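Spelled out, the chains give:
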Amino acid sequence: MVDRPILELTDLVKTFGALRATDGVTLDLRAGEIHALIGPNGAGKSTLIHQICGTQQQDSGTIRFAGRDIGRMGVSERARLGLGRTFQVSSLAPEFSALRNVMLAVQAKGGSSFRFFRPVMRDRALIDQGMAMLERVGLAQRANIPAAELSHGERRQLEIAIALALGSKAFLLDEPMAGMGPEGSKRLTGFLDGLRHEAPILLVEHDMDAVFALADRISVLVYGRIIATGTVEDIRRDPAVRAAYLGDHA
Amino acid sequence: MTLSRETVINLVLALALLIVPVVASQMGQPFTVTLATRIAVLALAATGLNIALGLGGLVSFGHAAFFGIGGYAAGILASHVFSGEPMPFGFEGSNQMPVIWIFAVMACGLAGLAIGAISLRTSGVYFIMITLAFAQMIYYFAVSWPAYGGEDGLSILVRNQFPGINTMLPLSFFLLSYGVLIVCIGLFALLRNARFGTALQAARQNEVRVASVGISPYGIRLTAFVLSAMMTGLAGALYADLNKFVSPSMLSWHMSGELIVLIILGGTGRLFGPVAGAMLYVIFEFALGGITERWQFFLGLILLGVVLFARGGLIGLLAGKARHG
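It should be emphasised that the depicted structure is a prediction, and the values quoted were computed from it without experimental measurement. (Residues numbered from 1 in each chain as written. Chains lettered and ligands numbered in written order. Predicted model: local features only at pLDDT ≥ 70, side-chain atom pairs only at ≥ 80, totals over all residues.)

### Section: the overall build of chain A
Next up, step 1: Per the secondary structure count, chain A includes nine helices and 10 strands.
Next up, step 2: Its C-alpha atoms give chain A a radius of gyration of 18 Å, within 12% of the compact-globule value 18 Å for 250 residues.
Next up, step 3: On the principal axes, the C-alpha backbone points of chain A span a range of 60 × 40 × 40 Å.
Next up, step 4: Across chain A, the fraction of contacts at a sequence separation of at least 24, relative to all contacts at a separation of at least 6, is 66%. (Helix = DSSP H or I, 4+ residues; strand = E, 2+ residues; numbered from the N terminus. Rg over C-alpha atoms; globule rule 2.2 N^0.38 Å. Contact = placed C-beta atoms within 7 Å.)

Below you can see the structure in the form of structure tokens.
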């Protein structure tokens, strides 16, 4: 028997007034894969991400994650089930050091935040796990720098370290390459390539080189609808996709 | 190990607040001791508010409610001992501070839970307004409740007692208040550096980030609000005993504003911000209040200066930007 996909969206609909931002989207994410979601600006990628994470509610349709219906759960509840995400615009605690940002995730995963006395900066277990995550993304040298002072690319890495620290069952990465230089993109591409074996990745990305290098499957979203889903080769050849999106790129 | 600049400044402030009244008492100046006690008690109330406002970013404009409830706890319990009339459930009242403090802290914890549970469903300006509204409701209730003096307030004829300490002596009462302040500042420091403080401060900086790692900001904030209310309530009980009087003015929005002003003057979220702020405020009140009745006008100018040019308050000015781990 084939494993059930870890994340399944079925007939998802979200409208804003007359605009159908999400128009009957059905999509799944399977173990071990990178599933890229591409589409022109305004196609509804962000709205879809918001619905998966719980910051917006779908009008109809279901979202199943790790065998449960999460469609009506709050953001923090979904995160606790193992939905790790990074943001289109980095979202961190700017005053905290990189390490303490990761430690927040470690403490959220490893038990209660209702501990009032023991200083976290003397909690070896928290620090060691936090440092291990920073090392994995190559930020260990910058552990004590406040997040606000990190470079754009470093903040992206830090967000991934946080998602890793949560022990996520699936990663939802919203344009992780955005604003990264060619060198950084290349390094991150290599990193994500290995990450898929830890947990599958739903990757929203504009960088087509990265998408074509990484994706096991690609879904193309246009005006709130998935117009095609398939392997890199299928998508490159699909006439509707070429017309709607890829233009002369392929 | 070297001490950070902020730690040195904190030690200097703590020692100054201790040594000045001790010396003044030796020199036979009890009024200075009373001023120092006022500083310690207001600093304690503001340290309580600093949990919600400084760490959590929750601008409560209703903390006078807790300050006043703490004050009335002291006044009401003491008045029953004096009058001999029993309270509900046959309780006789108490003139023992430890008992009074427990009542004050519990009452404020419950009030904080009720007010916080509703207010924290809002944020920003709405949160400010709804906390203000709750405090004003309690204020008007106190004004119109004749049993305990209503508008005229309630006198505490003899200052309440603490085992082993003669609270009637100004210096003894100061040392007691100072001790409570230092313990509570210590609790604030522990809280801030613990897991709870991490989550609370992260929720102030970025609510979405906290939710995305699976921590619900609401529960964290509600707990902080309750702890904050309890500490401010404890200060209220001491304040009533300091003045041997409690009135609805302790519950009024002026008082809420004053506590916010103390924190902004001293440094929002800083460990000794409330102490620095209370020192500035009380010294100003005393020095300028002697010259002009309109001393608050000048306080307003200083506050304006702090907000425009020294966002970290006095501590920020002296010690530089806050450093987090």
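### Some thoughts on the environment of A:Leu139
All names here are of chain A.
Next up, step 1: Here leucine 139 shows up in the loop between helix 4 (124–136) and helix 5 (152–165).
Next up, step 2: Separated by 76 residues in sequence, leucine 139 and isoleucine 63 place their C-alpha atoms 34 Å apart.
Next up, step 3: Residues within four places of leucine 139 in sequence aside, it is in contact with Ala98, Leu134, Glu154, Gln157, Leu158 and Ala161.

### Focus: the sheet that holds strand 4 (residues 60–65) of chain A
Next up, step 1: Strand order across the open sheet formed by four strands is 2-1-4-5 (chain A), with antiparallel pairing between neighbours. The open sheet has two edge strands, strand 2 (19–29) and strand 5 (68–69) of chain A, and neither has a second partner. (Pairing = 2+ DSSP bridges.)

### Some points on the interface of chain B and chain A
Next up, step 1: Of the residues lining the interface, 23 residues belong to chain B; the matching set on chain A comes to 29 residues.
Next up, step 2: Elements with a minimum of two residues in the side of chain B that touches chain A: helix 6 (170–193), helix 7 (195–205), helix 8 (207–212) and helix 9 (217–243) of chain B.
Next up, step 3: Looking at the side of chain B that touches chain A element by element, the count peaks at six residues for helix 7 of chain B.
Next up, step 4: Of the residues that constitute the side of chain B that touches chain A, the class distribution is 11 nonpolar, 10 polar and two charged. (Nonpolar A, V, L, I, M, F, W, Y, C, P; charged D, E, K, R; others polar.)

### Here we look at the domain arrangement of chain A
All names here are of chain A.
Next up, step 1: Looking at the assigned domains, one finds that chain A contains domain 1 (1–82 + 168–250) and domain 2 (94–167).
Next up, step 2: Relative placement of domain 1 and domain 2: their C-alpha centres are 26 Å apart.
Next up, step 3: With eight residues of domain 1 at the interface, the matching set in domain 2 holds six residues.
Next up, step 4: Here the residues of the side of domain 1 that touches domain 2 sort into four nonpolar, four polar and no charged. (Domains from an automatic or database assignment.)

### Regarding unusual backbone geometry
Next up, step 1: In this structure, A:Tyr223 is a non-glycine residue whose phi angle is positive, near 50 degrees.
Next up, step 2: Note that A:Tyr223 resides in the loop between strand 9 (217–222) and strand 10 (225–230).
Next up, step 3: We note that B:Lys244 has phi near 50 degrees; this positive angle belongs to a residue other than glycine.
Next up, step 4: Among the secondary structure elements, B:Lys244 is positioned in the loop between helix 9 and strand 2 (245–246).

### Concerning the nonpolar core
Next up, step 1: Ranked by size, the top nonpolar core spans 180 residues in total, and within it A:Val102, A:Ala161, B:Leu44, B:Ala73, B:Ala104 and B:Leu234 carry the most contacts.
Next up, step 2: The biggest single contributor to this core is helix 2 (residues 30–55) of chain B, with 16 residues.
Next up, step 3: Those residues in contact with B:Leu234, other than ones at most four positions away along the chain, are B:Leu44, B:Gly70, B:Trp101, B:Ala104, B:Val105 and B:Val180. (Core = buried A, V, L, I, M, F, W, Y, C linked by C-beta atoms within 7 Å. Buried ≥ 20, exposed ≤ 12 C-beta atoms within 10 Å, placed from the backbone.)

### Structural notes on helix 1 (residues 45–53) of chain A
All names here are of chain A.
Next up, step 1: With seven of nine residues buried, helix 1 is to be regarded as a mostly interior element.
Next up, step 2: Turning to helix 1, its buried residues number three or more, namely Lys45, Thr47, Leu48, Ile49, Gln51, Ile52 and Cys53.
Next up, step 3: Count one or two residues on from helix 1 and you reach glycine 54, which has phi positive near 100 degrees.

### A short note on the sheet that holds strand 8 (residues 201–204) of chain A
Residue and element names in this part refer to chain A.
Next up, step 1: Across the sheet, six strands lie side by side as 6-7-8-3-9-10; this open sheet has mixed pairing. Both outer strands of the open sheet, strand 6 (83–86) and strand 10, are each paired with one neighbouring strand and no more. Neighbour-to-neighbour, the strand axes of this sheet turn through a mean angle of 15 degrees, independent of strand direction.
Next up, step 2: In the packing of helix 1 onto the sheet, the strands contacted are strand 3 (34–38), strand 6, strand 7 (170–174), strand 8 and strand 9, and the crossing angle to strand 7 comes to about 150 degrees. (Axes fitted to C-alpha atoms, helices over the stretch in contact; angles between N-to-C directions.)

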